[in-house]
Amino acid sequence: MRNFLIDTDTGSDDAVALAMALNNSNINIEAITVVAGNIPVEQGLQNALYTVDLCNKKTPVYLGEDKPLKRPLKTSEFFHGQDGLGDIGLDLKGRKARDGNAIDIIIDKVYQFENNLEIIAIGPLTNLALAIKRDPKIISKIKNCFIMGGTAFGPGNITPFSEFNFWVDPEAAEIVLQSGMEITLIDWDATKKYAWFDSNTIKSINNLNTPLSKFSMDIQNNPKKYKKKKYGNEMIELADPLAMAIALDPSIIIKSKKYNVNIDLSNKERRGENILNEEGKKNTTVILKASRKKFLDIFKKSLK
Ligand code: BDR
Ligand code: CA
């Protein structure tokens, strides 16, 4: 049994990634920690709790940071919807977090499962960076950390050089990537190439006709509308499910390379960009080629 801790800013692709892991009987999800990003942290908390209920699980969900380390929070309701899950009328209120704060929980779980906890981080890295700052000893005790974020080759989804998670809190991303811990980075470049969902792909997911496949596509309502308005077609990319699929089955990766990754910390166009260095401690595995077929197989299998 593998042990996961998932850190999320529960928007419309995060919820799919959560469902994929929650619905997998080989994975023990010790905790879900929520961070501000796509939506304010309280809304992300409700969305994570809703997804846990939908999957008939009792996985504990904890509240985390409500803003980035050094910058004001910029959310993306314009894309994910006001409620973060596509504004399709889901009942996203009134559920309760477990007692405890995300930072303490991350640290506690790393010690509890020393060298046997895998972290899947699919939002801005604020919670994880603060956990590392508070107790740097956790770095060597984490088995692996799968992170969705950034772009090295571009274009990103926020600026030509940056992706949302790292753009929102670049200082946190720099702390985590430079911590020296073993990281598998699933960036926007990989997302664009392998995790696109056009109308045929969406149809094939809907044809599975399960509660989770339906939920996963229904909550893409707002992203699809946004894409249609901006680009004239409804093709969407699901970044967090690609990260989760790779965590569930790293054999999706065909080619990767280890780098020492820095993040652009300016306040200009390149803010949040991934800078891939060949010198220094190369602790981050960057995906260069992956199997779209395997990804979609795992995606579908996970939502049955
Ligand atoms: C990432 O940013 C968020 O909008 C998504 O949830 C995903 O984690 C993609 O850039
Ligand atoms: Ca996310």
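Located above this text is the structure these notes cover.
Residues numbered from 1 in each chain as written. Chains lettered and ligands numbered in written order. Predicted model: local features only at pLDDT ≥ 70, side-chain atom pairs only at ≥ 80, totals over all residues. Heavy atoms only, no water.

Next up on the list: the site of ligand 1. By nearness alone, 13 residues border ligand 1, and D13, N38, N157, E163 and D240 come closest of all. Between an oxygen atom of ligand 1 and a side-chain N or O atom of N165, the distance comes to 3.0 Å. At 2.6 Å from an oxygen atom of ligand 1 is found a side-chain nitrogen or oxygen belonging to D240. Contact with the protein chains hides 95% of the accessible area of ligand 1, taken as 280 Å² for the molecule alone. Within the residue set of the shell around ligand 1, elements represented by two or more residues are α6 (164-168) and α12 (239-248). Across the shell around ligand 1, the residue classes tally to five nonpolar, four polar and four charged. (Near = heavy atom within 4 Å. Polar contact = N/O pair within 3.5 Å; in protein donor to acceptor, adjacent residues only side chain to side chain. Areas by Shrake-Rupley, 256 points an atom, 1.4 Å probe, with all protein chains shown as cover. Helix = DSSP H or I, 4+ residues; strand = E, 2+ residues; numbered from the N terminus. Nonpolar A, V, L, I, M, F, W, Y, C, P; charged D, E, K, R; others polar.)

This part covers the packing of helix α1 (residues 14-22) against α12. In the contact formed by α1 and α12, the axes pass within 7 Å of each other and the chain directions differ by 20 degrees. Relative to α12, the element α1 is oriented roughly parallel. Here the hand of the crossing between α1 and α12 comes out right-handed. Residue-level contacts link D14, V16, A17, M20 and A21 of α1 to D240, P241, M244, A245 and L248 of α12. (Axes fitted to C-alpha atoms, helices over the stretch in contact; angles between N-to-C directions. Parallel < 35°, antiparallel > 145°, perpendicular 65-115°, else oblique. Left-handed = near helix turned anticlockwise from the far one by under 90°. Contact = heavy atoms within 4.5 Å.)

A few words on the coordination of the calcium ion (ligand 2). Coordination sphere of the calcium ion (ligand 2), protein contribution only: D9 (OD), D14 (OD), D14 (OD), I122 (O) and D240 (OD), at 2.2 to 2.5 Å. When the donors of the calcium ion (ligand 2) are listed by position in the chain, the intervening gaps give D-x4-D-x107-I-x117-D. For the pair shown, D9 and D14 are each scored as buried. (Donors = N, O, S within 2.8 Å, 3.2 Å for Na, K, Ca; no water. Buried < 20%, exposed > 50% of the residue type's maximum accessible area, 1.4 Å probe, protein only.)

Right, let's get into helix α4 (residues 102-112). Of all the positions in α4, only A102, I103, I105, I106, I107, K109 and V110 are classed as buried. Here the buried face of α4 lies against β1 (2-8), β2 (27-34), β3 (61-63), β4 (117-121) and α5 (126-134). One side-chain oxygen at the N-terminal end of α4 lies 2.8 Å from the backbone nitrogen of I103; it belongs to N101.

Burial of the side chains of strand β6 (residues 183-186) extends over both faces: I183 and L185 are buried on one face and T184 and I186 on the other. Both strand β5 (residues 144-148) and β6 contribute to a ladder of four bridges, which runs parallel. By the bridge assignment, M148 is partnered in β6 with I186. The sheet contact formed by β6 and strand β11 (residues 284-290) spans three bridges and is parallel. In the sheet register, I183 faces β11, and the bridge partner there is T284. (Pairing = 2+ DSSP bridges.)

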